[in-house]
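Report on the structure
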Amino acid sequence: MLAQNKNSITIPGEIICKEGLVILSLREYQKLQERAVLTYYLKGKEAEKLDKLVEEGLKEYQDGETINAPSLREALKIYDRRKNKKH
C-alpha cells in the first residue's frame, strides 16, 4: 500500500494536454518576472533631462512637497497649480 503525501497536487490531465503546465520554484518565478521588465538606456540630452527630473522629484519629496490625490490626473493638476504659483 502506498502512503499518500499530504503535499501532493492533482492536476487534471486535460489541462496539461490542452494548455501545458510549468512548475517553477518561487525564486525562479521571481527571476523571470524581473527579467520581463524592459530596460531603457538613455544617452546625451535624454539622459540629462531624466536626471534633472529625478533630482527635482527627490528634492520635492525631501522638502515634503508630496501630493495626495484620488487619481494621477488630479495629482498632475495640483502639481501644475503649485508649479505655476512658484514662478
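Residues numbered from 1 in each chain as written. Predicted model: local features only at pLDDT ≥ 70, side-chain atom pairs only at ≥ 80, totals over all residues. Heavy atoms only, no water.

**Digging into the overall build of the protein**
Helix and strand counts for the protein come out as four helices and zero strands. Across the protein, helices and strands are ordered from the amino to the carboxyl terminus as α-α-α-α. Computed over the C-alpha atoms, the radius of gyration of the protein is 25 Å, more than 25% above the 12 Å expected from 2.2 N^0.38 for a compact globule of 87 residues. Dimensions of the protein along its principal axes, counting C-alpha atoms only, are 80 × 35 × 25 Å. Put simply, the protein shows about 9,300 Å² of open surface, and 55% of that area lies on carbon and sulfur atoms. Separation of charge centres in the protein, based on 17 positive and 14 negative side chains, amounts to 2 Å. (Helix = DSSP H or I, 4+ residues; strand = E, 2+ residues; numbered from the N terminus. Rg over C-alpha atoms; globule rule 2.2 N^0.38 Å. Areas by Shrake-Rupley, 256 points an atom, 1.4 Å probe, with all protein chains shown as cover. Lys, Arg positive; Asp, Glu negative; His and termini not counted. Charge placed at Lys NZ, Arg CZ, Asp CG, Glu CD.)

**Thoughts on the environment of Ala69**
Along the chain, Ala69 turns up in the loop between helix H3 (44–62) and helix H4 (72–86). What makes Ala69 partly exposed here is its relative accessible area of 30%. On a C-alpha basis, the gap between Ala69 and Ile15 in space is 44 Å, while along the polypeptide they are 54 residues apart. Once you skip the residues sitting within four places of it in the chain, Ala69 turns out to touch Glu74, Ala75 and Ile78. (Buried < 20%, exposed > 50% of the residue type's maximum accessible area, 1.4 Å probe, protein only. Contact = heavy atoms within 4.5 Å.)

**Some thoughts on a negative patch on the surface**
A cluster of acidic residues, Glu48, Asp51, Glu55 and Glu56, forms a negative patch at the surface. Here Glu55 shows up in helix H3. On the basis of relative accessible area, Glu55 is assigned to the exposed category, the value being 56%. (Patch = residues over 30% accessible without salt bridge, like charges linked within 9 Å, V, L, I, M, F, W, Y side chains within 5 Å. Salt bridge = Lys/Arg side-chain N within 4 Å of Asp/Glu carboxyl O.)

**Comments concerning the environment of Tyr29**
Tracing the backbone through its elements, the reader meets Tyr29 in helix H2 (residues 26–36). Once the C-alpha coordinates of Tyr29 and Leu53 are considered, the two residues, 24 residues apart in sequence, prove to be 33 Å apart.

**Side note on H3**
Compared with an ideal rise of 1.5 Å per residue, which puts 19 residues at 27 Å, H3 spans 27 Å between its outermost C-alpha atoms and is within 8% of the ideal. Positive backbone phi, at 75°, marks Gly64, one or two positions downstream of H3. (Expected span 1.5 Å × (residues − 1).)

**Description of a nonpolar patch on the surface**
Taken together, the side chains of Ile9, Ile11, Ile15, Ile16, Leu21 and Ile23 present a nonpolar region at the surface, about 580 Å² in accessible area. Topologically, Ile16 is positioned in helix H1 (residues 13–19). By relative accessible area, Ile16 is classed as partly exposed at 40%.

**Notes on the confidence of the model for the protein**
Averaged over every residue, the pLDDT of the protein is 86; residues scoring 70 or more account for 93%. Within the protein, H1 has the poorest average pLDDT of any element, 80, and H3 the best, 93. (pLDDT = per-residue confidence, 0-100.)

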